[in-house]
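An overview of the molecular structure
Chain by chain, the residues:
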Amino acid sequence: MLIQSSEWLRLPKEERLLCIRLTVSENLERQRKRAYAKAMAKCVTNTTHLYSSIS
């Protein structure tokens, strides 16, 4: 969530904290998705390598 500095300062403290929590949550979700995609890519690579070594 992007917000202008002047707008940020006008927000009540509770809303600023909520924005921070949402941003952290979004970042963690993206990080988990990247880690999952990386793990799946490694799994596919290992499986492909395994099948090619059997042939």
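Everything below is about the structure printed above this text.
These numbers were taken from a predicted model, which means no experiment stands behind them. Residue numbers restart at each chain and count upward from 1, following the sequence in its written direction. In keeping with the model being predicted, local features are shown solely for residues with a pLDDT of at least 70 and side-chain atom pairs are shown and tallied solely at 80 or more, while totals for entire chains, interfaces and linings include all residues. To obtain the side-chain values, all non-hydrogen atoms of the structure were used and water was disregarded.

This part takes up the overall build of the protein. Each helix is a run of H or I in the DSSP string that is no shorter than four residues. Each strand is a run of E no shorter than two, and both are numbered from the N terminus. When helices and strands are tallied, the protein shows two helices and zero strands. In the protein, buried positions account for 4% of the 55 residues. Note on areas: Shrake-Rupley, 1.4 Å probe, and residue coverage restricted to the protein chains presented here. For the protein, the accessible area works out to roughly 5,300 Å², and carbon and sulfur atoms hold 61% of it. Categorising residues by exposure relies on relative accessible area from a 1.4 Å probe, with only protein chains included: less than 20% of the type maximum marks a residue as buried, more than 50% marks it as exposed, and the intermediate range marks it as partly exposed.

This paragraph deals with a nonpolar patch on the surface. Judged by side-chain polarity, Leu17, Ile20, Val24 and Leu28 come together as a nonpolar surface patch covering roughly 310 Å² of accessible area. Checked against the element boundaries, Ile20 lands in helix H2 (residues 13-54). Only residues whose relative accessible area exceeds 30% and that form no salt bridge enter a patch; like-charged residues are grouped when within 9 Å of one another, and nonpolar side chains (Val, Leu, Ile, Met, Phe, Trp, Tyr) when within 5 Å. Basic side-chain nitrogens of Lys or Arg form a salt bridge, by our definition, when they fall within 4 Å of a carboxyl oxygen of Asp or Glu.

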